[in-house]
Amino acid sequence: AAWAIKWDGSWKFEVTEGGFRNDAGGLALVFAVEPTKVLAFGNGGSATDAQRIAGLFAGPPVGLAVAARCLVDDPAVLTALSNDVGFDLVFSRQLIAHGSSRDTALGLSTSGDSANLLHAFEEARRRGLLTIAVVGGGGGRCATSPDVDHCLVVRSGSVHSIQEVQAEVVLDLWTRVQRCLGVSP
């Protein structure tokens, strides 16, 4: 499926079906040069997408590995945090433990309204991480959050379509990062 990124001048992106109208190369360059680690997270199907993304960056089929961690990988941590401090803080608490100012917080959501993602982005902003949201629908609160540096919105009402395009967006971003690192995957 083809998709496009339209830059609106504020480092917020809109992803729609169709051909390229603008290039996200600047985002990939920031992503490749700045972070030391990618911290990926999401809920439900987006959680499995976050696992795949962390695996792609940390153990690429070709190219250079980029340190990455999926914040949904440890069920003991997820259940302890959910039980002890609440599910809304399950990702932000892990960012406190694992994130540093040169890292990237990469959150995925089909709605853009998940409270735990918004809390995570707020914490990431406080700690100086680069924040990227890949969301669907109308972008939800992530699209207007001052705590999100880059918001890529897949304009669709279909969860399946959103997740398919999100996978392509992240794969394209990974490819661009590899190119910025001097590798041609």
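Peer 1: What is the right way to look at the nonpolar core in this model?
Peer 2: Here is a general trend for soluble globular proteins: nonpolar side chains tend to be buried in one another's company. By size, the foremost hydrophobic cluster in this structure holds 47 residues, and its most contacted members are Phe41, Phe91, Leu95 and Cys151. Excluding residues that lie within four positions of it along the chain, Phe91 makes contacts with Phe41, Gly42, Asn43, Leu71, Val72, Asn116, Leu117 and Ala120.

Peer 1: Please clarify how the environment of Ser101 should be interpreted in this entry.
Peer 2: Note that Ser101 resides in the loop between helix 4 (90-98) and strand 5 (104-109). Among the residues examined, Ser101 registers a relative accessible area of 49% and is labelled partly exposed. Along the backbone, Ser101 and Arg127 are 26 residues apart, and their C-alpha atoms lie at a distance of 5.8 Å. For Ser101, the contacting residues outside a window of four places in its chain are Arg127, Gly128 and Leu129.

Peer 1: Is there a simple way to explain the pattern of salt bridges in this structure?
Peer 2: Pairing of side chains with opposite charge becomes possible as their charged atoms draw close. Applying the stated criterion across every chain yields a total of 7 salt bridges. A salt bridge links Arg141 to Asp113, with the shortest nitrogen-to-oxygen separation between them at 3.4 Å. With Arg141 in the loop between strand 6 (130-136) and strand 7 (150-154) and Asp113 in the loop between strand 5 and helix 5 (115-127), this pair connects stretches of sequence that are 28 residues apart. Relative accessible area serves as the criterion here: at 35%, Asp113 is assigned to the partly exposed category. Across the salt bridge formed by Arg127 and Glu123, the nearest N and O atoms sit 2.8 Å from each other. Highlighted residues: Arg127 and Glu123, both in helix 5, separated by 4 residues, approximately one helical turn. Owing to a relative accessible area of 34%, Arg127 belongs among the partly exposed residues under this scheme. Given the relative accessible area of 9%, Glu123 is considered buried.

Peer 1: It is not clear to me how the packing of helix 2 (residues 45-58) against helix 6 (residues 159-180) should be interpreted in this structure. Could you clarify?
Peer 2: Each pair of packed helices can be summarised by the angle the axes make with each other and by the distance between the axes. With their axes 11 Å apart at the nearest point, helix 2 and helix 6 run at an angle of 15° to one another. If you check the angle between helix 2 and helix 6, you find them roughly parallel. With respect to the hand of their crossing, helix 2 and helix 6 are arranged in right-handed fashion. Across the interface between the two elements, Gly45, Ser46, Asp49, Arg52, Ile53, Leu56 and Phe57 of helix 2 pack against Gln163, Gln166, Ala167, Val170, Leu171, Trp174 and Val177 of helix 6.

Peer 1: Explain the packing of aromatic side chains to me, please; I cannot follow it from the model alone.
Peer 2: Centre distance and the angle of the planes are the two values used to describe a pair of aromatic rings. Enumeration over the complete set of coordinates arrives at 2 aromatic pairs. An angle of 35° between the planes, with centres 5.1 Å apart, marks the rings of Phe41 and Phe91 as tilted. Of this pair, Phe41 sits in strand 3 (residues 38-42) while Phe91 is found in helix 4, placing the two residues 50 residues apart along the sequence. A relative accessible area of 0% means that Phe41 is categorised as buried. With relative accessibility at 1%, the residue Phe91 sits in the buried group. With a centroid separation of 5.7 Å and an interplanar angle of 50°, the aromatic rings of Phe41 and Phe121 are classed as tilted.

Peer 1: How should I be thinking about the packing of helix 3 (residues 75-84) against helix 4 in this particular structure?
Peer 2: Following both chains from N to C, one finds helix 3 and helix 4 inclined at 115°, their axes separated by 9 Å at the closest point. For the element pair helix 3 and helix 4, the recorded crossing hand is right-handed. Together, Val77, Leu78, Leu81 and Ser82 of helix 3 and Val90, Arg93 and Gln94 of helix 4 make up the contact between the two elements. Counted by class, the contact of helix 3 with helix 4 contains 4 nonpolar, 2 polar and 1 charged residues.

Peer 1: How should I be thinking about the environment of Gly44 in this particular structure?
Peer 2: Tracing the sequence through the fold places Gly44 in the loop between strand 3 and helix 2. In the structure, Gly44 is positioned 66 residues away from Thr110 in sequence and 9.7 Å away in space, judged by C-alpha atoms.

Peer 1: For this particular structure, what's the right way to read the environment of Gly99?
Peer 2: The topology assignment puts Gly99 in the loop between helix 4 and strand 5. Residues Gly99 and Gly128, 29 residues apart in the sequence, show an inter-C-alpha distance of 9.1 Å.

Scoring rules and cut-offs
- Residues numbered from 1 in each chain as written.
- Predicted model: local features only at pLDDT ≥ 70, side-chain atom pairs only at ≥ 80, totals over all residues.
- Heavy atoms only, no water.
- Core = buried A, V, L, I, M, F, W, Y, C linked by side-chain atoms within 4.5 Å.
- Buried < 20%, exposed > 50% of the residue type's maximum accessible area, 1.4 Å probe, protein only.
- Contact = heavy atoms within 4.5 Å.
- Helix = DSSP H or I, 4+ residues; strand = E, 2+ residues; numbered from the N terminus.
- Salt bridge = Lys/Arg side-chain N within 4 Å of Asp/Glu carboxyl O.
- Axes fitted to C-alpha atoms, helices over the stretch in contact; angles between N-to-C directions.
- Parallel < 35°, antiparallel > 145°, perpendicular 65-115°, else oblique.
- Left-handed = near helix turned anticlockwise from the far one by under 90°.
- Phe/Tyr/Trp six-rings, centres within 6.5 Å; stacked < 30°, edge-to-face > 60°.
- Nonpolar A, V, L, I, M, F, W, Y, C, P; charged D, E, K, R; others polar.

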